[in-house]
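Below, each chain spelled out in residue letters.
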Amino acid sequence: MYPDDGFRELGRQECLRLMAGVPVGRIVFTRRALPAVLPVNFRLDADGAVLLRTAAGSELVRAVDGAVVAFEADDVDAARHSGWSVVVTGPAAVVTDPAEHRRLARTGPVSWAPSAREVFVRVEAELVTGRELVGGRSLYGASLAVADG
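Please read all numbers here as calculations on a predicted model, not as lab measurements.

(A) Broad picture of the side chain of Glu72. Within the secondary structure, Glu72 is located in strand β6 (residues 68–77). At 2.8 Å, the side chain of Glu72 forms a polar contact with the side chain of Ser85. If near-sequence neighbours (up to four positions away) are discounted, Glu72 is found in contact with Gly25, Arg26, Ser85, Val86 and Val87.

Rendered as structure tokens:
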């Protein structure tokens, strides 16, 4: 980012606070050596890890268990030309510990597409980055707002 480019870099805690306020994000993983992106509902754990709940036999579980993935969430106000985007990068793993699974069954996300056999996937928040677009400002500080006419 450049000075006065209209973007503001967000710190880790601010990123996690913003993410906690939205219900849907996108998980980015590799499918047959190509990038794949799926929208999913999620919840953040107390340590900032991203938690997903999905069908145990899903392609997503097979693709991400043991892999490094990215998870992106955002909120955009098109009318004001503003918004934010946060990316969490880290290893993903299916939760196998029975006590942890019971805890997440009480406190974790509820799948929007429930299945008979579900698992929790945890994405560790090893790298958390984010940025905010403030009021539609350009690289040169010029306003990008459309004039009413």
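Moving on from the model shown.
(B) Inspection of the pairing of β6 at higher detail. Taken together, the three bridges between strand β2 (residues 24–31) and β6 define a ladder with antiparallel strand orientation. Bridged to Val28 within β6 is Ala70. In this structure, β6 lies alongside strand β7 (residues 82–94), joined through ten bridges in antiparallel fashion. Within the sheet, the bridge partner assigned to Val76 lies in β7 and is Gly83.

(C) Just the environment of Val94, in detail. Topologically, Val94 is positioned in strand β7. With near-sequence residues (within four places) excluded, Val94 lies in contact with Val61, Asp65, Val119, Phe120 and Val121.

(D) Expanded view of the pattern of salt bridges. For the structure shown, the criterion picks out 14 salt bridges. Note that Arg26 and Glu72 form a salt bridge whose closest N and O atoms lie 2.6 Å from each other. Taken together, the positions of Arg26 in strand β2 and Glu72 in strand β6 put the pair 46 residues apart, joining distant regions of the chain. For Arg26, a relative accessible area of 25% puts it in the partly exposed group.

Cut-offs and rules
- Residues numbered from 1 in each chain as written.
- Predicted model: local features only at pLDDT ≥ 70, side-chain atom pairs only at ≥ 80, totals over all residues.
- Heavy atoms only, no water.
- Helix = DSSP H or I, 4+ residues; strand = E, 2+ residues; numbered from the N terminus.
- Polar contact = N/O pair within 3.5 Å; in protein donor to acceptor, adjacent residues only side chain to side chain.
- Contact = heavy atoms within 4.5 Å.
- Pairing = 2+ DSSP bridges.
- Salt bridge = Lys/Arg side-chain N within 4 Å of Asp/Glu carboxyl O.
- Buried < 20%, exposed > 50% of the residue type's maximum accessible area, 1.4 Å probe, protein only.

It is worth stressing that arrangement in space is one thing and function is another; only the former is reported here.
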